[in-house]
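Coordinate inspection notes
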Amino acid sequence: MENLLDLNFLIESFPAIISRLPITIGIAVGSLLLSLVIGVAAALIKIYKVPVLSVITSIYISFIRGTPLLVQIYLVFYGIPKIIYFLQSEYGWLQSADVNSIAPEFYALMAFSINLGAYLSETIRSAIESVDRGQFEAAKAIGMTPVQMMLKIVFPQALTAAIPNLGNMFISTIKDTSLVFIIGVIDIMGQAKILGSRGLAFFEVYIAVSIVYWILCIAVERLLVKIEKRARRYERGIA
Amino acid sequence: MIKLEKLHKYYDRQHVLKGIDLTVEKGEVVAVLGPSGSGKSTLLRCINFLEDPTSGIVEIGGKRVDAATAKKKEIFALRTATGMVFQQYNLFKNLTVLQNVSVGLTSVKRMKKDAADKKGIEMLEQVGLSSKLSHYPAQLSGGQQQRVGIARALALDPEVLLFDEPTSSLDPELVDEVLATIRRVADTGKTMFIVTHELNFAREISDRVIFMEDGVIIEQGTAEQIFTEPAVERTRQFLGKAVQG
Ligand SMILES: Nc1ncnc2c1ncn2[C@@H]1O[C@H](COP(=O)(O)OP(=O)(O)O)[C@@H](O)[C@H]1O
Ligand SMILES: [Mg+2]
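What counts and how
Residues numbered from 1 in each chain as written. Chains lettered and ligands numbered in written order. Predicted model: local features only at pLDDT ≥ 70, side-chain atom pairs only at ≥ 80, totals over all residues. Heavy atoms only, no water. UniProt positions renumbered as here; feature names shortened; annotations may be inferred. Helix = DSSP H or I, 4+ residues; strand = E, 2+ residues; numbered from the N terminus. Phe/Tyr/Trp six-rings, centres within 6.5 Å; stacked < 30°, edge-to-face > 60°. Contact = heavy atoms within 4.5 Å. Buried area = accessible area lost by both parts, 1.4 Å probe. Salt bridge = Lys/Arg side-chain N within 4 Å of Asp/Glu carboxyl O. Polar contact = N/O pair within 3.5 Å; in protein donor to acceptor, adjacent residues only side chain to side chain. Nonpolar A, V, L, I, M, F, W, Y, C, P; charged D, E, K, R; others polar.

**Structural notes on the UniProt feature "transmembrane region" (unreviewed entry) in chain A**
All names here are of chain A. Listed under "transmembrane region" (unreviewed entry) in the UniProt record, and renumbered for this structure, are residues 23-48 and 205-225. Helix makes up 96% of residues 23-48 and strand 0%, and the two end C-alpha atoms of the span are 37 Å apart. End-to-end, the C-alpha atoms of residues 205-225 are 30 Å apart, and along that stretch the chain is 100% helix and 0% strand.

**Section: the packing of aromatic side chains**
All names here are of chain A. Across all of its chains, the model carries nine aromatic pairs over all chains by this definition. The interplanar angle of 25° and the centroid separation of 6.0 Å between the aromatic rings of Y74 and Y78 together place this pair among those described as stacked. Of this pair, Y74 and Y78 both sit in helix α4 (residues 69-91), separated by four residues, roughly a single helical turn. Among the aromatic side chains, those forming a connected cluster through ring pairs are Y74, F77, Y78, F106 and Y107.

**Focus: the interface of chain A and chain B**
With 24 residues of chain A in contact, the opposing surface of chain B contributes 27 residues. Interface of chain A and chain B: buried area, both sides summed, is about 2,100 Å²; carbon and sulfur atoms make up 61% of it. When residues of chain A are sorted by the area they lose upon contact with chain B, A141(A), I142(A) and Y234(A) head the list and together hold 28% of the total. Inspection of the region where chain A meets chain B yields two salt bridges. The partner of D132(A) in a salt bridge is K93(B), and the shortest N-O contact between them spans 4.0 Å. At the boundary of chain A and chain B, one finds eight residue pairs in polar contact (both at pLDDT 80 or more). Those elements that provide at least two residues to the side of chain A that touches chain B are α6 (133-141) and α7 (146-176) of chain A. With seven residues, the single largest contributor to the side of chain A that touches chain B is α6(A). Of the residues belonging to the side of chain A that touches chain B, the class tally is 10 nonpolar, seven polar and seven charged.

Okay, here's the thing in structure tokens:
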């Protein structure tokens, strides 16, 4: 008898898929952290109109926005080893790096950080620019250095304001990590593919993996609401 | 002592301060009056280089800073020698009341946290807000926020306090508590510049009144002189009723 679904196979595929969650979450969280650094740096470069760097930053942002993520992943995956190899043979740099032993997870992390960094930079820039000018003035007036002003006053307020946008981008990134199997990373998607070809039951495994993504994204959304509430506690007035 | 010499400020081609010369003795309270747009805020903001003067010299406590050659270090020194109280309070929204007052001590004066908190609490006691230490600015009334603003400015022991219309954003019923706080600070012998439209308050609190118009000090004198017998017709017009009263 022909069934629409092999339910047993579907259910049994969950443990193996879930065992790969750390890879998916690791790439998403790791690239969020790295991209925050990139995003803040790029935002500051544009706000302070740093010569040369701000042109480079504009090109970087425009390139990332104007090319598919999939292509960017391939560029990183094939480009980084070539560049390392070139530096080794031409200049004798990075001799200790063994190109062949670099894990595909590393390329995935790099590709996603570079991609997300460009998008975050615009969000962070407008969040910084939305901080009340009076906050900058008060910080200057008590003698803070620009770095102190940014770290203690401006970033905390800007990042709080940006949480909803950052959160949406983070959730998109979680979903986009489903592309990393193409460079050999076995994340939850990669695992689903393997199981599917082994049992010739692709519909089942993709249903299973979609449920895992769905639950993960709902959980992250909830967490974000909590984080935002906590971060915004200083905004609650007497009312 | 504070000395301003030939202070000029241009915004693009607009000449906003046209050569201000002024010497203020330690402990003097100076009220700055004048119509809106006459350059009062710009004058205060040039004293601590929130705006760079186009030319001229600012001297506070013996340290002379020439606008033409001012270095970052000198500007930081001026800013720690001055405390500013803003019309919009400008409390740090993400910091508690106590942190607002202590953050300058820990980050600018490199004080240990304990000592900074202790001093912060002392300052907040002076403005009557030591019961609100862990509140955030958004949880305070405008008057309370401005009193925290005064405590924040006082905490760094500045040579001079600069008030830019400290009560102009307040609901009328909250003005008195802030004026009372400023009066108490004046009584401790702080040197102060106060830009204000509260003429009675200016008359009562100040040792000297400066009347500005169009980027120039057109008249100055003791509060009594300016309010009872202003020499310049424009001052007389501006003070209107206050002069007769
Ligand atoms: N940041 C600025 N950029 C350009 N013009 C300014 C700026 N700040 C003040 N001005 C102009 O300088 C003049 C004096 O302003 P201000 O010092 O604020 O006067 P007051 O405080 O006496 O009302 C006004 O004409 C105002 O428009
Ligand atoms: Mg003004």
